[in-house]
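An overview of the molecular structure
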Amino acid sequence: MNSRIILLITGLLLSSIFLTVGTASAEPPRYLQVKSITMTLEGPDATFNIEYELDFIARMYVLFLGTGSIEPAIYDIFNDFDNTEVLSVREDSAVVKVMNVSYQDPEQGENMLFHDSHNLGTTVDTFILIFPSGRVRTFSDLSATPNTFFEA
């Protein structure tokens, strides 16, 4: 019985070391592979739905300690944004709200908003941009959000 506890504690300690080393660097953590991000524009704000895969060690870590343990890696993806709030984190997805990510351009009129490109902390296989009108644009292999005008 004691050897199982020691083995479990050793495994958790090693897992935490591997997970924290990945988040300390400028690169995205190796244990979290972002598959897609959907950015839904909502006036000056945006909601991001992130779908990702965790490696085996990270899944075990989440199993024992919960999804809050990978929340810092989610924040790292959005380190170029201000006013970021992680709304939910699951084993394979997360929802992030970013406030004031777009602004009105007075020269274009009151209903036109502009979104400046922001770097993402990783390269995304599929990036989906949903405009307030419902129009959808899909991009591949992006490491930053695209510059865009849209009507609010």
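Residues numbered from 1 in each chain as written. Predicted model: local features only at pLDDT ≥ 70, side-chain atom pairs only at ≥ 80, totals over all residues. Heavy atoms only, no water.

1. Observations regarding a negative patch on the surface
Among the surface-exposed residues, Glu51, Glu53, Glu91 and Asp92 lie close enough to one another that they form a single negatively charged patch. Mapped onto the elements of the fold, Asp92 is located in the loop between β3 (84-89) and β4 (93-98). A relative accessible area of 48% means that Asp92 is categorised as partly exposed. (Patch = residues over 30% accessible without salt bridge, like charges linked within 9 Å, V, L, I, M, F, W, Y side chains within 5 Å. Areas by Shrake-Rupley, 256 points an atom, 1.4 Å probe, with all protein chains shown as cover. Salt bridge = Lys/Arg side-chain N within 4 Å of Asp/Glu carboxyl O. Lys, Arg positive; Asp, Glu negative; His and termini not counted. Charge placed at Lys NZ, Arg CZ, Asp CG, Glu CD. Helix = DSSP H or I, 4+ residues; strand = E, 2+ residues; numbered from the N terminus. Buried < 20%, exposed > 50% of the residue type's maximum accessible area, 1.4 Å probe, protein only.)

2. Section: the sheet that holds strand β6 (residues 112-115)
The sheet built from three strands is open, its strands ordered β5-β6-β9 with antiparallel pairing. Since the sheet does not close on itself, it has two edges, and those belong to β5 (102-104) and β9 (148-151), each with one partner. Here the strands of the sheet are splayed against their neighbours by 30 degrees on average, with no regard to which way each runs. In terms of strand pairing, β5 meets β6 through three bridges, oriented antiparallel. Within β6, the position partnered with Gln104 by the bridge is Leu113. (Pairing = 2+ DSSP bridges. Axes fitted to C-alpha atoms, helices over the stretch in contact; angles between N-to-C directions.)

3. Quick look at unusual backbone geometry
Of note in the backbone geometry, Asn83 takes a positive phi value of approximately 55 degrees without being a glycine. Mapped onto the secondary structure, Asn83 falls in the loop between α3 (71-77) and β3. If you check the backbone angles, Asn100 has positive phi at about 55 degrees while not being a glycine. Note that Asn100 resides in the loop between β4 and β5. For Asn100, a relative accessible area of 54% corresponds to the exposed category.

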